[in-house]
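Examining the three-dimensional arrangement
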Amino acid sequence: QVQLEESGGGLVQAGGSLRLPCARSGRTAGSKAMGWFRQAPGKDRDLVAGINWSGSSTYYADSVKGRFTISRDNAKNTAYLQMNNLKPEDTAGYYCAAALTYGLTSVPREYTDWGQGTQVTVSS
């Protein structure tokens, strides 16, 4: 089983930036695709960004394109979500997840290992 731990959340003003690391431990043999999801109170958990095993392919939800960047450092077993020009509507719990596949996937059910999440709050 893969263990994932997010960090880096907090309170930031609109227009600001945050970087969320996701440290991966446990069954690390073979780096699978990774994703970042977010969930606001009363809403579904949605995929905002995904990356394949090597980092060569990425996916972004329309709402974050041009503002968020997903990356990974397999030598450090860490994935990152760089969030720039944050907006109040980005306020949510952010969750890192590992997929079953090596290739990039935007299918939520293919992400099977989850972190506990980190809260991001953007004030206006």
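Each remark here, short or long, concerns the structure printed above.
The notes below deal with the structure included here. Quantities reported herein were computed from a predicted structural model and do not represent experimental measurements.

Turning our eyes to something else, we now look at the layout of surface pockets. In this approach a probe as big as a water molecule rolls over the atoms, and the regions it shows empty are the leftover space. Within this model, the largest pocket holds a volume of roughly 180 Å³. Every residue lining the largest pocket is counted, 13 residues in all, and those nearest its centre are Arg38, Ala40, Lys43, Asp46 and Glu89.

Turning our attention to the pairing of strand 8 (residues 78–83). Within a regular strand, the side chains alternate between the two sheet faces. Among the six residues in strand 8, five count as buried, and that is most of the element. Across six bridges, the pairing between strand 3 (residues 18–26) and strand 8 is antiparallel. Residue pairing for strand 8: Cys22 is matched across the bridge by Ala79. Pairing of strand 7 (residues 68–73) with strand 8, which is carried by six bridges, proceeds in the antiparallel orientation. If you follow Thr69 over to strand 8, its bridge partner there is Gln82.

Counting residues in hydrophobic clusters, the biggest one holds 27 residues, and the most contacted among them are Met34, Trp36, Leu81, Met83 and Tyr94. Residue assignment for this core shows that the elements contributing at least two residues are strand 1 (2–6), strand 3, strand 4 (34–39), strand 5 (46–51), strand 7, strand 8, strand 9 (92–99) and strand 11 (118–123). Ranked by residues supplied to this core, first place goes to strand 9 with four residues. For Tyr94, the contacting residues outside a window of four places in its chain are Glu6, Leu20, Trp36, Phe37, Arg38, Phe68, Leu81, Met83, Gly117, Thr118 and Val120. Formed by seven residues, the second largest nonpolar core is a distinct cluster that contains Phe37, Ala97, Ala99 and Tyr111.

Next up on the list: empty space enclosed by the protein. Here the structure, examined in full by the defined rule, presents one cavity of 30 Å³ or more. By volume, the largest cavity is sized at about 60 Å³. As for the largest cavity, its lining consists of Cys22, Arg24, Ser31, Met34, Arg72, Asp73, Asn74, Asn77, Thr78 and Ala79. Across the lining of the largest cavity, the residue classes break down as three nonpolar, four polar and three charged.

This part is about the pairing of strand 1. Only one face of strand 1 is buried: it carries Val2, Leu4 and Glu6, and the other face, with Gln3 and Glu5, is open. Relative to strand 3, strand 1 is paired through five bridges, and the arrangement is antiparallel. Each bridged residue has a counterpart across the sheet, and for Gln3 the counterpart in strand 3 is Ser25.

Thresholds, definitions, all that
Residues numbered from 1 in each chain as written. Predicted model: local features only at pLDDT ≥ 70, side-chain atom pairs only at ≥ 80, totals over all residues. Heavy atoms only, no water. 1 Å grid on protein atoms, 1.4 Å probe; cavity = no way out; pocket = protein on both sides within 12 Å on 5 of 7 lines; lining within 4 Å. Points joined across faces, edges and corners; volume = space filled by probe spheres on them. Buried < 20%, exposed > 50% of the residue type's maximum accessible area, 1.4 Å probe, protein only. Helix = DSSP H or I, 4+ residues; strand = E, 2+ residues; numbered from the N terminus. Pairing = 2+ DSSP bridges. Core = buried A, V, L, I, M, F, W, Y, C linked by side-chain atoms within 4.5 Å. Contact = heavy atoms within 4.5 Å. Nonpolar A, V, L, I, M, F, W, Y, C, P; charged D, E, K, R; others polar.

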